[in-house]
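What the coordinates show
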Amino acid sequence: QVQLQESGPGLVKPSQTLSLTCTVSGHSITTSNNYWSWIRHSPGKELQRIGYIDYTGITSYTPSLKGRASISRDTSKNQLTLQLTSVTPEDTAVYYCARAVGRIAAIRETYDYWGQGTQVTVSS
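Analysis parameters
Sequence order as written defines residue numbering, which begins from 1 separately in each chain. Confidence filtering applies because this is a predicted model: local features only for residues at pLDDT of at least 70, side-chain atom pairs given and counted only at 80 or more, and all residues used for totals across whole chains, interfaces and linings. Hydrogens and water are ignored here; the side-chain numbers use all heavy atoms of the structure. Side-chain atoms within 4.5 Å are what join buried Ala, Val, Leu, Ile, Met, Phe, Trp, Tyr and Cys residues into a set we call a nonpolar core. Throughout, exposure labels follow a simple rule: accessible area from a 1.4 Å probe, protein chains only, divided by the maximum for the residue type, with under 20% read as buried, over 50% as exposed, and the rest as partly exposed. Strands are runs of DSSP state E lasting at least two residues, helices are runs of H or I lasting at least four, and both sets are numbered from the N terminus onward. By definition in these notes, contact holds between two residues if any of their heavy atoms fall within 4.5 Å. The aromatic pairing rule takes the rings of Phe, Tyr and Trp, using the six-membered ring of Trp, and pairs them if the centres are within 6.5 Å, calling planes under 30 degrees apart stacked, those over 60 edge-to-face and the rest tilted.

All right, on to the nonpolar core then. Grouped together as the largest cluster of nonpolar side chains are 24 residues, with contacts concentrated most on Leu 18, Val 24, Trp 36, Trp 38, Leu 80, Leu 82 and Tyr 95. Elements with a contribution of two residues or more to this core: strand S3 (18–25), strand S4 (34–41), strand S5 (48–54), strand S7 (69–74), strand S8 (79–84), strand S9 (93–101) and strand S11 (118–122). Once residues lying within four places of it in the same chain are set aside, the contact partners of Leu 18 are Val 12, Leu 82, Gln 83, Leu 84, Val 87, Tyr 95 and Val 120. By size, the runner-up hydrophobic cluster in this structure holds eight residues, among which are Ile 39, Ala 105, Ala 106 and Tyr 111.

See the structure below:
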């Protein structure tokens, strides 16, 4: 059983950095062919994949975030981290971490396990 749980501040001020942690239990994030993604969903909008980090530590990001996103990992803690800089109210969303197995599945955004999501509101 793979479990993912997001954590971090629910409220972030504009211009600051959003920082979230995804703790994975029951499965190693370094397992071969595993790709770990951060996704967000704002009301009235489609799900947006922010980026992912693979089992070797290689990252990929959607260009729409203008280089503001950074994904990292702590293998000793089996955790994933998302940082999003210079946030605005448009970054308000529910943020999820999720797993895809295989590079093609990651590109296709086919996930088999999701965290429950955490609401992040950007407001002063």
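On to unusual backbone geometry, then. Phi is mostly negative for residues that are not glycine, and the peptide bonds are mostly trans. Its identity as a non-glycine residue notwithstanding, Asn 33 has a phi of 70°, on the positive side. Its place among the elements puts Asn 33 in the loop between S3 and S4. In this structure Asn 33 comes out as partly exposed when scored by relative accessible area, which is 38%. Here Ser 86, not a glycine, exhibits a phi torsion of approximately 50°, which is positive. Inspection of the secondary structure puts Ser 86 in the loop between S8 and S9.

A few words on the packing of aromatic side chains. Counted according to the given criterion, the structure contains four aromatic pairs. Pairing Tyr 96 with Trp 114 gives two aromatic rings, centres 5.6 Å apart and planes at 90°, and the pair type is edge-to-face. You can see Tyr 96 sitting in strand S9 and its partner Trp 114 sitting in strand S10 (residues 113–114), a full 18 residues away along the chain. Between the aromatic rings of Tyr 111 and Trp 114, the centroid separation amounts to 5.2 Å while the plane-to-plane angle is 80°, which identifies the pairing as edge-to-face.

Keep in mind that these numbers describe shape and distance, not what the molecule does.
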